[in-house]
Amino acid sequence: MITDVNPFVYSHPIAPDDVIDRDAETTRLLTAAVGGHYVRLYAPRKYGKTSLLRRVLRDAERQEQMIPVLVDLYGVLSVADVAIRFERAYARQLKGKLRARIEEFLQSTGLGLSLGALGVSARLQIDPRTDPLPALHALLDLPLRLEEGGGFRALIVLDEFQDVTKVKEMDALLRSHIQFQGEVASFVFAGSEPGLMRELFEDRERPLYGQAVPMRLERLADGDIASYIAERFRTSGRSVGDALNPLVAAAQGHPQRAMLLAHRLWQEVEADGAATLSDWTRAHGAALAELQPEFDANWRRLPTSSQKALRAIGAGAGSPFQRRVLEQLGLPKSTARAALHSLTANATVEQQDDEYRVIDPLFAEWIARLRQTGDAQD
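Residues numbered from 1 in each chain as written. Predicted model: local features only at pLDDT ≥ 70, side-chain atom pairs only at ≥ 80, totals over all residues. Heavy atoms only, no water.

What follows deals with the layout of surface pockets. For the second largest pocket, the calculated volume is near 270 Å³. Lining the second largest pocket we find 17 residues, and of these R40, Y42, P194, R198 and R216 sit closest to its centre. (1 Å grid on protein atoms, 1.4 Å probe; cavity = no way out; pocket = protein on both sides within 12 Å on 5 of 7 lines; lining within 4 Å. Points joined across faces, edges and corners; volume = space filled by probe spheres on them.)

We now examine the sheet that holds strand 2 (residues 67–72). Read from one edge of the open sheet, five strands run 2-3-4-1-5, paired in parallel fashion. Looking at strand neighbours, the two that pair on one side only are strand 2 and strand 5 (213–216), the edges of this open sheet. Put simply, the sheet's adjacent strands are angled 20° from each other on average, direction ignored. Pairing between strand 2 and strand 3 (residues 154–159): six bridges, direction parallel. From the neighbouring strand, V71 faces strand 3, where its bridge partner is L158. The sheet contacts of helix 2 (residues 49–64) involve strand 1 (39–42), strand 2, strand 3 and strand 4 (185–191), and relative to strand 3 the element is tilted by about 170°. Relative to the sheet, helix 3 (residues 79–93) contacts strand 2 and strand 3, its axis offset from that of strand 2 by approximately 145°. (Pairing = 2+ DSSP bridges. Helix = DSSP H or I, 4+ residues; strand = E, 2+ residues; numbered from the N terminus. Axes fitted to C-alpha atoms, helices over the stretch in contact; angles between N-to-C directions. Contact = heavy atoms within 4.5 Å.)

The biggest cluster of nonpolar side chains holds 48 residues, and the ones touching the most others in it are L73, F86, Y90, I156, L158, F161 and F189. Within the second largest apolar cluster, 47 residues are counted, among which are F8, A262, A287 and V358. (Core = buried A, V, L, I, M, F, W, Y, C linked by side-chain atoms within 4.5 Å. Buried < 20%, exposed > 50% of the residue type's maximum accessible area, 1.4 Å probe, protein only.)

With respect to the helices and strands, the residue T50 is situated in helix 2. There is a polar contact of 2.8 Å between the side chain of T50 and the side chain of D159. If we skip the residues at most four places from it in the chain, T50 touches P13 and D159. (Polar contact = N/O pair within 3.5 Å; in protein donor to acceptor, adjacent residues only side chain to side chain.)

Tallying each qualifying case throughout the model produces 28 salt bridges. Here R58 ties to D17 by a salt bridge, and the two come within 2.6 Å at their closest N and O atoms. Here the residue R58 occupies a position in helix 2, and D17 occupies one in the segment before helix 1 (23–34), the gap between them amounting to 41 residues. With relative accessibility at 18%, the residue R58 sits in the buried group. What makes D17 exposed here is its relative accessible area of 65%. With its nearest N and O atoms 2.6 Å apart, the salt bridge here joins R216 to E350. Linking R216 in strand 5 with E350 in strand 6 (residues 349–352), this pair joins segments that are 134 residues apart in sequence. For E350, a relative accessible area of 6% translates into the label buried. Residues joined by salt bridges that share partners form a network here, namely R45, K49, D159, E160 and E193. (Salt bridge = Lys/Arg side-chain N within 4 Å of Asp/Glu carboxyl O.)

Before going further, it helps to spend a moment on the pairing of strand 3. Among the six residues of strand 3, six are classified as buried, and the element is accordingly described as predominantly covered. In strand 3, alternate side chains face the same way, and those of A154, I156 and L158 on one face and L155, V157 and D159 on the other are all buried. Two elements, strand 3 and strand 4, share five bridges in a ladder whose sense is parallel. Bridge pairing in strand 4 links I156 to F187. With respect to chirality, the unit in which strand 3 leads through helix 8 (residues 170–178) into the neighbouring parallel strand 4 is right-handed. (Right-handed = clockwise from strand over helix to strand, strands pointing away.)

With that out of the way, let us pick up the packing of helix 6 (residues 133–140) against helix 8. A pair of packed helices can be characterised by two numbers: the angle between their axes and the separation between those axes. Running from N to C, helix 6 and helix 8 point in directions that differ by 40°, and their axes come no closer than 9 Å. What the angle tells us is that helix 6 and helix 8 run oblique. Both helix 6 and helix 8 take part in a crossing whose hand is right-handed. Contacts between helix 6 and helix 8 pair L133, L136, H137 and L140 from the former with M170, L173, L174 and H177 from the latter. Each residue belonging to the contact of helix 6 with helix 8 can be placed in one class, and the counts come to six nonpolar, two polar and no charged. (Parallel < 35°, antiparallel > 145°, perpendicular 65-115°, else oblique. Left-handed = near helix turned anticlockwise from the far one by under 90°. Nonpolar A, V, L, I, M, F, W, Y, C, P; charged D, E, K, R; others polar.)

Applying the stated criterion to the full structure yields 13 aromatic pairs. Taking 6.0 Å as the distance between ring centres and 25° as the angle between the ring planes, the aromatic pair formed by F363 and W366 counts as stacked. Of this pair, F363 and W366 both sit in helix 17 (residues 361–373), separated by three residues, roughly a single helical turn. W366 carries the same exposure label as F363, and that label is buried. Members of the aromatic cluster, each reached through a chain of ring pairs, are Y38, F161, F187, F189 and F201. Of note, R238 hangs over the ring of W266, and the distance from its end group to the ring centre comes to 3.8 Å. The ring of F321 carries R337 above its face, with NZ or CZ at 4.6 Å from the centroid. (Phe/Tyr/Trp six-rings, centres within 6.5 Å; stacked < 30°, edge-to-face > 60°. Lys NZ or Arg CZ within 6 Å of the ring centre and 35° of its normal.)

Shown next as structure tokens:
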């Protein structure tokens, strides 16, 4: 039996107990849910958003007797997709007598809905011409049915919510239901693309304008990352040693990248050993090599103006509009400004006051290496 297992997970959302810090964020979201408020949560991809939301849902159920429902809307393209995601989300979560009552109601609609294996997805496979809209209306009304069934307030998290913009008038359809559910359900609209999330909630012409309190998930504190990594090394029979400080500096508070670097470092250290700077150099290089295909693909997808804007951030140490930087790159200021606006909207870049930073610190390193040596694609 394998017992010496790498304790740093970076390839998928982690268990609620393994979330680094985020106590304040958990309390804030839970307090809003109990108070009946709607929240829109923004975090760049790989910031631990889904892991945090799972922790909030767990605590909502354990501590507040709420009914937790997580609906993953990533990649939805149609009304049918949305209906299937909602049906499967309720199927995963509802239990006992409440599940039986809701199942009975769904079956009574005659719409082919079910919390078992034969739900709306099966019906659509049998007859693709089936209109999924009535089924979705019934599913969106379930919070009201949960209360009728003797349940408590529901906490419904809609993850990757910005993807509803790909389904015509889906935000209007959702609003037509949730506006009547404030007494029985709380909603968290979570997204990873700030431009689309702002469009959904800050554009006066959109149905969800002003419907949720904004909340941004920030980077982790260096001290929290350091404590977590040091403890995980210790409990697995190793010491992080001299590698801790450069690892934390390289991660720059990015949750997933910190775990990737820690995972790679742990692989370099023998049982009962302590990490050295040489171990760190190898681990850092291995992490960048692992990410090379991803970074290269992302870079090639970008227009030239965005590539230059990213280069300008590094060359200007966060101040991309310096004349010498723009002239060196042959980048007009107006073009740079437009490119940075686009990069900020899709969460490649973040702006703090007048400074810009590439959100992924390892991507920033890769870009710098490309600029300096041209060998980032080797």
